Amino acid sequence: MSKFKILVTKQLPGEAVKQLRSKYAVTINKSANTLQPNELKKAVVGKDAILCLLTDKISKEIMDSAGKQLKVIANYAVGYDNIDIQEAKERNIIVTNTPNVLTQAVAEHTFALIMSLARRIPESDEFLRKNKFKGWRPDLFLGSELKDKTIGIIGMGRIGSIVAKIASRGYQMKVVYFDNGKIHAELDQSLGCSAVSLSDLLKNSDFISIHVPLLPTTRHLIDKKQLKLIKKTAYIINTSRGPIINEVELVKALQSKRIAGAALDVFEFEPRLSPGMSKLKNLVITPHIASATIETRAGMAQLAVDNIIAVLDGKNPITQVL
Ligand code: DGY
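Computed from a prediction, not measured in an experiment: that's the story for all the values here.

### Describing the site of the ligand
Right, on to step 1. In the neighbourhood of the ligand, the contacting residues comprise Leu54, Ala77, Val78, Gly79, Leu102, Arg241, His288, Ser291 and Met300.
Right, on to step 2. Here an oxygen atom of the ligand sits 2.7 Å away from a polar atom, N or O, in the main chain of valine 78.
Right, on to step 3. Between an oxygen atom of the ligand and a side-chain N or O atom of histidine 288, the distance comes to 2.7 Å.
Right, on to step 4. Considered on its own, the ligand offers 230 Å² of accessible surface; in the complex 93% of this is hidden by protein.
Right, on to step 5. Within the shell around the ligand, the residues separate by chemical class into five nonpolar, three polar and one charged.

Here it is, written out as structure tokens:
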């Protein structure tokens, strides 16, 4: 057994953590609750590696508390806005994340949300359970088809590209995207999609799906001004990070039916819902589960563990951030 000490801030699905335990002294938070900031601060003391969740804020203070031997922070998420990256860089602490393994799960969940909106699944489910179904009717829960509709994808990285493929090849949708001015010639050619400005995407899409990381430049990327550009018949879907959308403005747009609907897997004040949200019939919500498949969550744990082992073995990590 090596001398390295590891903190795993929550029990994880799959077998990967066993591998860590066979090599190092591992402390796992086995409580049902995630660690509170003061608990995290104590738990990191003397650790060489931290395997943390997107809900663990890894600040300068936490790194101070861990001590100089801290070598690697392996985030159990692709997004790493919970970690002070600059601070870690200055201290030569390696930060890793879990891209690729969750791409398919998140893209598939995006379509679960799109279909829920388009075919009014949550509303119909509630209607039946409340015993309101009195027989087939030609106008009962009319929804909208995806074929030939335009999906506007904001962020054409790994997840955005798979969403584009499913939309185009599976649902026969027209795909436009905004990727901060970047053009993806190969996708344009194979899927017949095209890069547009953010405002054109908002004006012309029937479904708008967000796939960008949370950065100072993407916080409230969708604000009052942008919501005003969206068609009255269009829907917006967010599976990235809550603060990309100004939720107060979104709630107003949904309440006034300025836009047709929204589906959110992530929230600006997560885990809290913004006032008014839970009453909105034109809003579908899921509790940050886009990557929550058995395969993906085990894959994320394996990748985080592999990253830690690589760093502690003096090798390059597999998926280092930046
Ligand atoms: C991530 O990885 O960033 C997702 O939000 C959770 O899987």
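### Description of helix α1 (residues 16-23)
Right, on to step 1. All buried positions along α1 are accounted for by Ala16, Val17 and Leu20. Looking straight down α1, one finds its buried side chains confined to an arc of 100°; they lie on one side. Along α1, exposed side chains directed more than 90 degrees from the buried face belong to Lys18 and Ser22.
Right, on to step 2. Buried residues along α1 sit in contact with β1 (5-8), β2 (25-28), β3 (49-52) and α12 (294-312).

### Considerations on the side chain of asparagine 97
Right, on to step 1. Tracing the chain through its elements places asparagine 97 in the loop between β5 (94-96) and α5 (103-118).
Right, on to step 2. Relative accessible area serves as the criterion here: at 7%, asparagine 97 is assigned to the buried category.
Right, on to step 3. One polar contact links the side chain of asparagine 97 to the main-chain carbonyl oxygen of valine 78, over a distance of 2.9 Å.
Right, on to step 4. Apart from the residues within four sequence positions on either side, asparagine 97 is in contact with Asn75, Ala77, Val78, Tyr80, Leu303, Asn307, Thr319 and Val321.

### Quick notes on unusual backbone geometry
Excluding glycine, residues mostly carry a negative phi; peptide bonds, for their part, are mostly trans.
Right, on to step 1. Put simply, glutamate 270 and proline 271 share a cis peptide bond, and its omega is 5°.
Right, on to step 2. Of note, asparagine 100 is a non-glycine position whose phi angle comes to about 65°, a positive value.
Right, on to step 3. Mapped onto the secondary structure, asparagine 100 falls in the loop between β5 and α5.
Right, on to step 4. In this model, aspartate 148 sits at a positive phi of 70°, which is unusual for a non-glycine residue.
Right, on to step 5. With respect to the element layout, aspartate 148 can be found in the loop between α6 (121-129) and β6 (150-154).

### What to know about the sheet that holds strand β10 (residues 235-238)
Right, on to step 1. Across the sheet, seven strands lie side by side as β8-β7-β6-β9-β10-β11-β12; this open sheet has parallel pairing. Strands at the two margins of the open sheet, each flanked by one partner only, are β8 (194-195) and β12 (283-285).
Right, on to step 2. Summarising the sheet, strand β7 (residues 174-178) and β8 pair through two bridges and their orientation is parallel. Bridge pairing in β8 links valine 176 to serine 194.
Right, on to step 3. Those strands touched by helix α7 (residues 158-170) are β6 and β7, and its axis lies near 175° from that of β6.
Right, on to step 4. Taken strand by strand, helix α11 (residues 247-255) contacts β10, β11 (261-264) and β12, and its axis lies near 140° from that of β11.

What counts and how
- Residues numbered from 1 in each chain as written.
- Predicted model: local features only at pLDDT ≥ 70, side-chain atom pairs only at ≥ 80, totals over all residues.
- Heavy atoms only, no water.
- Near = heavy atom within 4 Å.
- Polar contact = N/O pair within 3.5 Å; in protein donor to acceptor, adjacent residues only side chain to side chain.
- Areas by Shrake-Rupley, 256 points an atom, 1.4 Å probe, with all protein chains shown as cover.
- Nonpolar A, V, L, I, M, F, W, Y, C, P; charged D, E, K, R; others polar.
- Buried < 20%, exposed > 50% of the residue type's maximum accessible area, 1.4 Å probe, protein only.
- Helix = DSSP H or I, 4+ residues; strand = E, 2+ residues; numbered from the N terminus.
- Arc of directions from axis to C-beta.
- Contact = heavy atoms within 4.5 Å.
- Pairing = 2+ DSSP bridges.
- Axes fitted to C-alpha atoms, helices over the stretch in contact; angles between N-to-C directions.

Interpretation note: all reported values are geometric properties and have no functional meaning in isolation.
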